[in-house]
Amino acid sequence: MNLQMTGAVRRSILLAAGLAAAAVLAVGFASPAGAYGGGANHDMWQVGFSMNSNNPSLSLCADLGTGGDWGWVEFDRSADGTQTWGDAQTTFCFHTVGGGGAGAGHTSIDITSWTISDSGTFVASGTETDSFRGTTDTFTFTNEDTGIPSTPGHYTASDILDFGGPGVAIQIQVSFRPAK
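It should be emphasised that the depicted structure is a prediction, and the values quoted were computed from it without experimental measurement.

Scoring rules and cut-offs
- Residues numbered from 1 in each chain as written.
- Predicted model: local features only at pLDDT ≥ 70, side-chain atom pairs only at ≥ 80, totals over all residues.
- Heavy atoms only, no water.
- Pairing = 2+ DSSP bridges.
- Helix = DSSP H or I, 4+ residues; strand = E, 2+ residues; numbered from the N terminus.
- Axes fitted to C-alpha atoms, helices over the stretch in contact; angles between N-to-C directions.
- Buried < 20%, exposed > 50% of the residue type's maximum accessible area, 1.4 Å probe, protein only.
- Lys, Arg positive; Asp, Glu negative; His and termini not counted.
- Salt bridge = Lys/Arg side-chain N within 4 Å of Asp/Glu carboxyl O.
- Polar contact = N/O pair within 3.5 Å; in protein donor to acceptor, adjacent residues only side chain to side chain.
- Contact = heavy atoms within 4.5 Å.

Quick word on the sheet that holds strand β7 (residues 153–156)
- Reading across from one edge, β6-β5-β4-β3-β2-β1-β8-β7 is the order of the eight strands in this open sheet, with antiparallel pairing throughout. Across the chains shown, the open sheet's two edge strands, defined by having one partner strand only, are β6 (135–149) and β7. The sheet shows a mean angle of 15° between the axes of neighbouring strands, direction not considered.
- The pairing of strand β1 (residues 42–53) with strand β2 (residues 66–78) spans 12 bridges and is antiparallel. Directly across from Met 51, in β2, lies its bridge partner Asp 69.

In structure tokens, the structure reads:
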């Protein structure tokens, strides 16, 4: 019996053995993943969004500038409904037609309280910190309508603004997990 293996067969066996060992180690050392939000003892809405405005001939893009804003928001509410809080992280950039003034930045928001408006959107109060071109500005805001729907679902520019068209793309995904 010839027990000599070719290099390719030997490498295949070693690769399979290495992958099997890695899988065993991964299972052994893996800890359960915990979702952001601190557990299931409170209600939680999670929001992901992408907003792009790239048509300077539209008044919306002309007013806001061309560019976009992308990020996530979390709205939390105690199980008994007496306390609300949350936070958000966004990254933005804007472009100018003809040059000058463009750039990118980051926004961090600490939501200290919020309610749901009669129209079903989140109205929040808290502190916002904006970082742009090496400067940081922090300010508080009170009872600002976020425009974010509280009803779980997927929303587009036409859903949010009753408007759609070339150069404007808005995607918002809202999910809800009740307290257990």
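The discussion continues.
Quick word on the side chain of Asp 130
- With respect to the helices, strands and loops of the structure, Asp 130 is situated in strand β5 (residues 121–132).
- Buried within the structure, Asp 130 lacks any salt-bridge partner; Arg 133 is the closest side chain of opposite charge, at an N-O distance of 14 Å.
- Within polar-contact distance, the side chain of Asp 130 engages the side chain of Thr 107 at 2.8 Å.

Overview of unusual backbone geometry
- Positive phi outside glycine occurs at Arg 133, with the angle close to 50°.
- For Arg 133, the location among the structural elements is in the loop between β5 and β6.
- A residue is classified by how much of its surface remains accessible, and Arg 133, at 52% relative accessible area, is exposed.
- Backbone geometry places Asn 143, a non-glycine residue, at a positive phi of 50°.
- Relative to the elements of secondary structure, Asn 143 occurs in strand β6.

Examining the environment of Ser 150
- Tracing the sequence through the fold places Ser 150 in the loop between β6 and β7.
- Judged by relative accessible area, Ser 150 falls into the buried class, the value being 11%.
- For the pair Ser 150 and Ile 116, spaced 34 residues apart in the sequence, the C-alpha separation amounts to 7.1 Å.
- Setting aside residues up to four positions removed in sequence, Ser 150 forms contacts with Trp 45, Ile 116, Gly 120, Thr 121, Phe 122 and Val 174.
- In this structure the side chain of Ser 150 is engaged in a polar contact, spanning 2.8 Å, whose partner is the backbone oxygen of Gly 120.

A word on the pairing of β2
- Direction of pairing for β2 relative to strand β3 (residues 84–95): antiparallel, over a ladder of 12 bridges. Bridged to Asp 76 within β3 is Trp 85.
- The hairpin formed by β2 and β3 contains five residues between the paired strands, and Gly 81 there has a positive phi angle of roughly 80°.

Let's talk about the pattern of salt bridges
- In this structure the tally under the stated criterion is one salt bridge.
- One salt bridge in this structure joins Asp 43 and Arg 77, with 2.9 Å as the shortest N-O distance. With Asp 43 in strand β1 and Arg 77 in strand β2, this residue pair connects regions lying 34 residues apart in the sequence.
- On the basis of relative accessibility, which here comes to 10%, the residue Asp 43 falls in the buried class.
- The exposure class of Arg 77 is partly exposed, given its relative accessible area of 24%.

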